[in-house]
Amino acid sequence: MESLAQRAALLRESLQKSQQATDAVVSILGSFDSRLSALDSAMRPIQVRTHAVRTAHENIDRTLRSADVILTQFDRTREAEREIQKGPHENLQGFLDAVDRLRSIERFFSSNRSYRSSDGVLNHVNALLSKALVKMEGEFQNQLSQRSKPMEPDRLFDCLPSTLRPSSESQPEGGKHPSTGSQSENQQNSEAAVYSPPALIEPKFVPLLSKLAQQLVQAGCQQQCSEIYSEARASALESSLKNLGVEKLSKEEVQKMPWEILESKIGNWIHFMRIAVKLLFAGERQLCDQVFECSQSLRDKCFAAITKNSLATLLSFGEAIAMSKRSPEKLFVLLDMYEIMCELQTEIDTIFVGESCSQMRDSALSLTKCLAQTAQKTFSDFEEAVEKDATKNIHTDGTVHPLTSYVINYVKFLFDYQSTLKQLFQEFKKEDGTGSELAAVTMKIMQALQNNLDAKAKQYKDPALMHIFLMNNIHYIVKSVRRSEAKDLLGDDWIQRHRRIVQQNANQYRRIAWSKVLQCLSGQGLTSSGGSGQVGSEGGNSSGASRAAVKERFRSFNVLFEEIYQKQCSWSVPDTELRESLRLAVAEILLPAYRSFIKRFGPLIESSKAPGKYVKHTPEQLELLLGNLFEGKQERA
């Protein structure tokens, strides 16, 4: 029990000590909290002062940064001003960069009007920009004046396809034009050709001109910029065309020119149109698009102003030709002109794009239609002119008439223009198939020619020569058609029908020219039942014939043959094959009759005095003489 009491006393003592320690800790913690509260109250003013200092520093930094930006703009302004003062001549790119900097500075201060210095800087910058603008206008004009040189003809020819480059022999005024081939060949060459428009200004200068133009446009100087550019380029273009040989001719001057001179000028005009549209106008359009990349409307406006007079000069010549008095020889040059306008029409529509060029497009299209109308009327006139040709000077030898060869050559040339004629026929008749249309027109022309030849043939007083004339001319027509494209168009029936006409005229000639001669070689009327002067049975087939009558027959034959021979040696059958066949046809009827007559009645003459007086030619000699017919020269039998 005592032991237990001691342990209990120790336990109570320990508990008391533990409570005291706990109370001490609580007391200490309470004291620490009081001190922390006091310290916090003491620190609050210091924290406020620290935040204020930090905010002040930040404001100072922002102010310094703004000041630095403003100072930088001032520095940039001073640098730009130095470039502006120097002007663009020495360093164009540097000048343009300076203008860009000034615009950037102007935008900066316009958006930061709160700066006290903004208004003053803006006024200074705008004054510099105005000064720069004046100098840019001058430099733009100066650059264009220096770079816009006329194109020499040789440089233009180098841009043409090789098939269309000029020959060294043919040189029109101011330049050279291509050697002429067939129209179909030229058209094929042109359609397959690739053209390379020349660089009208050296490429390295174009970007600088573009930048100058852009600056002027941005400054609101579109009108001045357009005028400067258009004047310089229009002058260069007109000089290029003048060097090429393009002339400014009034319609009256064109219409008064002799045809020989005018025909040459038309050939040159076709060449000039191709070069102008495909090279010069295309080059001007390309240059306009590059320089005025910043403005589509300005491109079109400038291009129209540059090319207006040059295009008008070219079209005016074409209009003068289309409005001149129609004549058959003009048809082919009209077709040539119509052909080149059709060829260029698509490119004209592409190059002269935009509202500013609408009148120029319309003028080109109007010329194309005018040429088509004139060609169509000339074509119609030709048929009538052929039928009504009143040429009086027929050849006395019955040869091919100039009208025949002219018309045939005319028709042959038509076939070089089949595609063009197809286009022409469609223009007015709205139907396809140039074959049927051209065939119908060709047949009408051929019929008109034949009608005219029939009328001309009646001028011959000798019916035999009339048939020689018709035979020669119809044969020439048939032979020419068979050797040309007209053969397929007119057809075999047409050819066979006209070959029969040739043969009919040959037969008529033979009947009319030699009927009286053949009558002299007939035994009819030479025999009688008796009387003096008769020859007995030894005369064979001449039994009962009168020697006097036989002599008269031989005499008549010799006179008639001499007369016919003299005439027909001067007649002409120019075609060798036809001439030989006609001689053979005469020999086939004359020689057998002559041989028979000599065989039958020759013995009567041989026994008489001077038989050579009556039998002047042997059959062999007669055959040789027939070989001289239709040579177109005088001969004696």
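Criteria and thresholds
Residues numbered from 1 in each chain as written. Predicted model: local features only at pLDDT ≥ 70, side-chain atom pairs only at ≥ 80, totals over all residues. Heavy atoms only, no water. Helix = DSSP H or I, 4+ residues; strand = E, 2+ residues; numbered from the N terminus. Buried < 20%, exposed > 50% of the residue type's maximum accessible area, 1.4 Å probe, protein only. Contact = heavy atoms within 4.5 Å. Areas by Shrake-Rupley, 256 points an atom, 1.4 Å probe, with all protein chains shown as cover. Axes fitted to C-alpha atoms, helices over the stretch in contact; angles between N-to-C directions. Parallel < 35°, antiparallel > 145°, perpendicular 65-115°, else oblique. Left-handed = near helix turned anticlockwise from the far one by under 90°. Core = buried A, V, L, I, M, F, W, Y, C linked by side-chain atoms within 4.5 Å. Phe/Tyr/Trp six-rings, centres within 6.5 Å; stacked < 30°, edge-to-face > 60°. Polar contact = N/O pair within 3.5 Å; in protein donor to acceptor, adjacent residues only side chain to side chain. Expected span 1.5 Å × (residues − 1). Disulfide = S-S within 2.5 Å. Nonpolar A, V, L, I, M, F, W, Y, C, P; charged D, E, K, R; others polar. pLDDT = per-residue confidence, 0-100. Patch = residues over 30% accessible without salt bridge, like charges linked within 9 Å, V, L, I, M, F, W, Y side chains within 5 Å. Salt bridge = Lys/Arg side-chain N within 4 Å of Asp/Glu carboxyl O. Lys, Arg positive; Asp, Glu negative; His and termini not counted. Charge placed at Lys NZ, Arg CZ, Asp CG, Glu CD.

The next point concerns the overall build of the protein. When helices and strands are counted, the protein shows 21 helices and zero strands. Within the span of the protein, comprising 637 residues, buried residues form 44% of the whole. For the protein, restricting intrachain contacts to residue pairs at least 6 apart in sequence, the fraction spanning at least 24 positions comes to 79%. When the accessible surface of the protein is split by element, carbon and sulfur atoms take 50% of a total near 33,700 Å².

Here we take up unusual backbone geometry. For residues other than glycine, phi is negative in most cases, and the peptide bonds are mostly trans. Backbone geometry places Phe630, a non-glycine residue, at a positive phi of 65°. Assignment of secondary structure puts Phe630 in the segment after helix H21 (619-626).

For the rest of this paragraph, the subject is the environment of Val573. Tracing the chain through its elements places Val573 in the loop between helix H19 (547-570) and helix H20 (576-606). Taking C-alpha positions, Val573 is 5.3 Å from Phe630, a pair spaced 57 residues apart along the chain.

Mapping Glu343 onto the fold places it in helix H11 (residues 331-351). Note on Glu343: relative accessible area 21%, which makes it partly exposed. Through-space distance from the C-alpha of Glu343 to that of Arg274 is 9.0 Å; in sequence the pair is 69 residues apart.

With that settled, the discussion passes to the packing of helix H16 (residues 463-482) against helix H18 (residues 492-520). For the pair H16 and H18, interaxial distance at closest approach is 8 Å and the crossing angle is 160°. With respect to H18, the axis of H16 lies roughly antiparallel. Note that H16 runs across H18; the crossing there is left-handed. For the pair H16 and H18, the contacting residues are Pro463, Ala464, His467, Ile468, Leu470, Met471, Ile474, His475, Ile477, Val478, Val481 and Arg482 in the first and Trp494, Ile495, His498, Arg499, Ile501, Val502, Asn505, Ala506, Gln508, Tyr509, Ile512 and Ala513 in the second.

Let's shift gears to the nonpolar core. Among the nonpolar cores identified, the biggest contains 177 residues, and Phe140, Tyr229, Trp269, Phe281, Met341, Tyr509 and Trp514 are the most heavily contacted of them. Tallying contributions element by element places helix H9 (residues 259-291) first for this core, with 17 residues.

As enumerated under the stated definition, the model contains 19 aromatic pairs in all. Ring centres 4.9 Å apart and planes at 85° place the aromatic pair Tyr229 and Phe292 in the edge-to-face group. On the criterion of sequence distance, the pair formed by Tyr229 in helix H7 (residues 222-244) and Phe292 in the loop between H9 and helix H10 (296-323) is long-range, its members being 63 residues apart. On the basis of relative accessible area, Tyr229 is assigned to the buried category, the value being 0%. Owing to a relative accessible area of 0%, Phe292 belongs among the buried residues under this scheme.

Bringing the side chain of Asp575 into the picture now. Along the chain, Asp575 falls in the loop between H19 and H20. Residue Asp575 is classed as buried on the basis of its relative accessible area of 13%. Within the structure, the side chain of Asp575 is placed 2.9 Å from the backbone nitrogen of Leu578, a separation counted as a polar contact. When residues no more than four places from it in sequence are discounted, the contact partners of Asp575 are His475 and Lys479.

So, on to helix H2 (residues 92-110). Look at H2: 27 Å from first C-alpha to last across 19 residues, which is about the 27 Å you get at 1.5 Å a residue. Within H2, burial applies to Leu92, Gly94, Phe95, Leu96, Ala98, Val99, Leu102, Arg103, Ile105, Phe108 and Phe109.

Okay, the state of the cysteines next. In a disulfide, the sulfur atoms of two cysteines are held together by a covalent bond. Counting across every chain of the model gives zero disulfides. Cysteine Cys225 remains unbridged, with the sulfur of Cys302 as its closest cysteine sulfur at 6.5 Å.

Here H7 crosses H10 at 35°, and the two axes come no closer than 8 Å. Between H7 and H10 lies a crossing whose hand is right-handed. Residues Gln222, Gln223, Ser226, Tyr229, Ser230, Arg233, Ala234, Leu237, Glu238 and Leu241 of H7 touch H10, and the partners they reach there are Leu298, Lys301, Cys302, Ala305, Ile306, Thr307, Asn309 and Ser310. Here the residues of the contact of H7 with H10 sort into eight nonpolar, seven polar and three charged.

On average, residues of the protein score 82 in pLDDT, and 80% of them are at 70 or above. The lowest-confidence element of the protein is helix H5 (residues 183-192), averaging 51 in pLDDT; the highest-confidence one is H16, averaging 95. Low confidence marks residues 168-185, where pLDDT is under 50. Its contacts with residues over four positions away, or in another chain, come to 38 contacts. In the model, residues 529-540 has pLDDT below 50 throughout and makes 12 contacts with residues more than four positions away in sequence or in other chains.

Moving on: a negative patch on the surface. A cluster of acidic side chains, namely Glu485, Asp488, Asp492 and Asp493, defines a negative patch on the protein surface. Assignment of secondary structure puts Asp493 in helix H18.

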